[in-house]
Amino acid sequence: MCANVFGVLKSLFGKPFDGGKRMDHGGPQEQQQHPMQQQQPYHPQHPAMMRLYEVQKEVSSLGPQVCTFSGLQNDREYKRLERELTRLLLEVDQVDTEGKLELQGARKRAAQEVEGLLRYLEENATHPSRLAMEELSHEARQLVDQRVVAPQRAGGVAEISDELVDALQALVLRLTQIKTEGRVPLRKARYRALTRLCAVQDVFEASTQHQPLSLPLSGETHEAVHAINQVMVKVSVARGQLVALLMGLSGRDSCAHLSRILTELQVELDALDVSGNTAIRNYRKQVVEEINGLLRHLELEGEGDDTRRYDLAHNNSIREIEAVRAHVSQLRMGILRHCAMGDLGFRPKAELQSVLTQLDQVDTAKNPCIREARRRTVVEVQAVITFLDLREALARRQLGPNEHPAHRAVWMVLGSLSDLQAQVLGFDGKRADKSYMILEELLTKQLLALDAVDSQGDEMTKVARKQAVKFAQNILNYLDMKTDQWEY
């Protein structure tokens, strides 16, 4: 459906509406069924053709708006687009075709184009992924409102705790993992939600870095410090207003109003005479930098409208990550080939470790989607390294006569897990595939086998079993990650 709509729009926007040609470029057989495509028996000035052409111009204007709309059904913009498209559909239905087949065909195709946009608009606004994004955004709004916005409005002080920061980070991670199926509206909605949450995180982080300079100081500097501290109090209030704006809890506040307040605070700081004291000058500089940071976050009001920001296919960091993934894929397949032949000589661990260093240096620009792409690539590299480590450990292992039976049982499970991990590393399918379900079942059986191991008080066996359980769970998680169809 999505591809068809975009195909229709591409042809629709690319050339004037001719009243007879199909928007999806039908084949020769269809052209024979509609001879007006070649002969054009109806003059372009025919009233029916003129009306359909006027509709086409309006559809050309509304189409890009529909294809990039990222809101919900209760949004004002959704209702406007739905109303305009419904009006166009009614106008198309009212076009008088005079009973002529060619005109009826042109009217039918025009109606189908409008109906396609209506369906596309509704599908994106009600898509499960879009609703999941809204649910997480609502959860974030409630959290910030209870911990930060509401206490400030009541005259209290918002306490930014580690628990609050961790909760927001968990929501960011859940948002990055929502699938968008490549749909522009869904990618745009996810990006907008993420940028706002990340901006709130940055605001919280900055608020813990700047503390008022303590009093008293010497008499000649006392007045300037007191003035800067007063500005800091106002900045703290503005910070809460900014958080409310970013989270949609602003009430009557607006970005323009808050921008004016922050600019006035900058002017107030610039007017202070602190030239004679380095400590106070640095203190003022810190406060000015925080105000500038808040002003930058105000620019998020229109964030996500720029395609280059949420379409990361051409992002340099993503390109670097993709290049690393391709290199790791080659190394992984080489390792699996050598293991299948019983050759353990190919051990590019040093090269894999250098890849991890390379990934650490990738600039994510605090973009959560780029961070998630990098994290997933790191997991892929680590999966290959742990596979090599276990294979080497199994190759070096020597059975001792006094080895505890439970400890030997754990090693037997680890041997099976190593074979299964090789299959997981080479797996390239979907969760609906039978091979996926078999792998998942076999890995689960190994976890059950580890649960059945009785350590009988042997500490070495306890440690080994715990490590083996973690190893098996990591393989399962890696298999899930490979098949969850996430995209940046």
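Residues numbered from 1 in each chain as written. Predicted model: local features only at pLDDT ≥ 70, side-chain atom pairs only at ≥ 80, totals over all residues. Heavy atoms only, no water.

Observations concerning the overall build of the protein chain
Phase 1 of the analysis: The helix and strand tally for the protein chain stands at 19 helices and zero strands.
Phase 2 of the analysis: Across the 488 residues in the protein chain, those meeting the buried criterion constitute 43%.
Phase 3 of the analysis: By sequence separation, contacts in the protein chain at least 24 residues apart represent 74% of the contacts at least 6 residues apart.
Phase 4 of the analysis: Accessible area of the protein chain: about 26,200 Å², with a carbon and sulfur share of 50%. (Helix = DSSP H or I, 4+ residues; strand = E, 2+ residues; numbered from the N terminus. Buried < 20%, exposed > 50% of the residue type's maximum accessible area, 1.4 Å probe, protein only. Contact = heavy atoms within 4.5 Å. Areas by Shrake-Rupley, 256 points an atom, 1.4 Å probe, with all protein chains shown as cover.)

A look at the packing of helix H14 (residues 316–340) against helix H16 (residues 368–396)
Packed helix pairs are characterised by how far apart their axes lie and by the angle those axes make with each other.
Phase 1 of the analysis: Two elements in contact, H14 and H16, have axes separated by 10 Å at closest approach and are oriented at 20°. For the element pair H14 / H16, the angle class is roughly parallel. For the crossing formed where H14 meets H16, the hand is left-handed. Within the contact between the two elements, H14 uses Ser317, Ile318, Ile321, Val324, Arg325, Val328, Arg332, Ile335, Leu336 and Cys339 and H16 uses Ile370, Ala373, Arg374, Thr377, Glu380, Val381, Val384, Phe387, Leu388 and Arg391.
Phase 2 of the analysis: Among the residues making up the contact of H14 with H16, the classes are represented as 13 nonpolar, two polar and five charged. (Axes fitted to C-alpha atoms, helices over the stretch in contact; angles between N-to-C directions. Parallel < 35°, antiparallel > 145°, perpendicular 65-115°, else oblique. Left-handed = near helix turned anticlockwise from the far one by under 90°. Nonpolar A, V, L, I, M, F, W, Y, C, P; charged D, E, K, R; others polar.)

Notes on the nonpolar core
Phase 1 of the analysis: Among the nonpolar cores identified, the biggest contains 102 residues, and Leu168, Leu262 and Val287 are the most heavily contacted of them.
Phase 2 of the analysis: Excluding residues that lie within four positions of it along the chain, Leu262 makes contacts with Ala238, Ile291, Leu294, Leu295 and Leu298.
Phase 3 of the analysis: Grouped together as the second largest cluster of nonpolar side chains are 26 residues, Val55, Val92, Val114 and Tyr120 included. (Core = buried A, V, L, I, M, F, W, Y, C linked by side-chain atoms within 4.5 Å.)

Here we look at the environment of Glu122
Phase 1 of the analysis: Position of Glu122 relative to the elements: it lies in helix H6 (residues 101–125).
Phase 2 of the analysis: A relative accessible area of 41% means that Glu122 is categorised as partly exposed.
Phase 3 of the analysis: When the C-alpha positions of Glu122 and Glu82 are compared, they lie 8.7 Å apart, and in sequence the two are 40 residues distant.
Phase 4 of the analysis: With residues up to four places along the chain from it excluded, the contact list for Glu122 reads Gln73 and Tyr78.

Brief notes about the pattern of salt bridges
Phase 1 of the analysis: Applying the stated criterion across every chain, the model contains 25 salt bridges.
Phase 2 of the analysis: With a closest N to O distance of 2.8 Å, Glu91 and Arg87 form a salt bridge. In this pair, Glu91 and Arg87 both sit in helix H5 (residues 76–93), four residues apart, roughly one turn of the helix.
Phase 3 of the analysis: Under the relative-accessibility criterion, Arg87 is labelled partly exposed at 28%.
Phase 4 of the analysis: A salt bridge links Arg174 to Glu139, with the nearest nitrogen and oxygen atoms 3.5 Å apart. (Salt bridge = Lys/Arg side-chain N within 4 Å of Asp/Glu carboxyl O.)

Brief notes about the side chain of Thr176
Phase 1 of the analysis: With respect to the secondary-structure elements, Thr176 resides in helix H8 (residues 162–176).
Phase 2 of the analysis: Not counting the four nearest positions on each side in its chain, Thr176 is found in contact with Arg190, Leu194, Pro368, Cys369, Glu372 and Trp486.

Some details on the environment of Arg431
Phase 1 of the analysis: Its place among the elements puts Arg431 in the loop between helix H17 (405–426) and helix H18 (434–451).
Phase 2 of the analysis: A relative accessible area of 39% places Arg431 in the partly exposed class.
Phase 3 of the analysis: A C-alpha to C-alpha distance of 8.1 Å links Arg431 and Asp480, two positions 49 residues apart in sequence.
Phase 4 of the analysis: Ignoring any residue separated from it by four or fewer positions in sequence, one finds Arg431 in contact with Tyr436, Met437, Asp480, Thr483 and Asp484.
Phase 5 of the analysis: A distance of 2.9 Å separates a polar side-chain atom of Arg431 from the backbone oxygen of Asp480. (Polar contact = N/O pair within 3.5 Å; in protein donor to acceptor, adjacent residues only side chain to side chain.)

Description of the environment of Thr377
Phase 1 of the analysis: Relative to the helices and strands, Thr377 is located in helix H16.
Phase 2 of the analysis: The class for Thr377 is buried, based on a relative accessible area of 1%.
Phase 3 of the analysis: Put simply, Thr377 and Arg325 are 52 residues apart on the chain and 6.3 Å apart in space, counted from C-alpha to C-alpha.
Phase 4 of the analysis: With near-sequence residues (within four places) excluded, Thr377 lies in contact with Ile321, Val324, Arg325 and Leu359.

Points about the packing of aromatic side chains
Phase 1 of the analysis: According to the stated counting rule, one finds two aromatic pairs in the structure shown.
Phase 2 of the analysis: Ring plane angle 45° and centroid distance 5.9 Å describe the contact between Phe69 and Tyr78, whose orientation is recorded as tilted.
Phase 3 of the analysis: Note on Phe69: relative accessible area 10%, which makes it buried.
Phase 4 of the analysis: For Tyr78, a relative accessible area of 3% gives the class buried.
Phase 5 of the analysis: Taken together, a centroid distance of 6.2 Å and an interplanar angle of 50° make the contact between Phe427 and Tyr436 tilted.
Phase 6 of the analysis: On the basis of relative accessible area, Tyr436 is assigned to the buried category, the value being 5%. (Phe/Tyr/Trp six-rings, centres within 6.5 Å; stacked < 30°, edge-to-face > 60°.)

Remarks on helix H4 (residues 47–68)
Phase 1 of the analysis: Given a rise of 1.5 Å per residue, 22 residues ought to cover 32 Å, and the 33 Å separating the end C-alpha atoms of H4 matches this to within 8%.
Phase 2 of the analysis: Its axis deflected by about 30° at Leu62, H4 carries its strongest bend there, up to four residues before the proline Pro64. (Expected span 1.5 Å × (residues − 1). Bend = angle between axes of the 7 residues up to and from the residue.)

Focus: the packing of helix H15 (residues 349–360) against H16
Phase 1 of the analysis: Relative orientation of the contacting elements H15 and H16 amounts to 160°, with a least axis distance of 10 Å. Classified by the angle between their axes, H15 and H16 sit roughly antiparallel to one another. The element H15 and its partner H16 pack so that their crossing is left-handed. Here H15 contributes Lys349, Leu352, Gln353, Val355, Leu356, Leu359 and Asp360 to the contact with H16, which in turn contributes Arg374, Thr377, Val378, Val381, Gln382, Val384, Ile385, Leu388, Asp389 and Glu392.

Re unusual backbone geometry
Phase 1 of the analysis: Despite not being glycine, Glu98 shows a phi value in the positive range, around 60°.
Phase 2 of the analysis: Structurally, the position occupied by Glu98 is in the loop between H5 and H6.
Phase 3 of the analysis: The phi angle at Gln456 is positive, at roughly 55°, despite the residue not being glycine.
Phase 4 of the analysis: By the element assignment, Gln456 lies in the loop between H18 and helix H19 (459–483).
Phase 5 of the analysis: Of the residues examined, Gln456 reaches a relative accessible area of 59% and is grouped as exposed.

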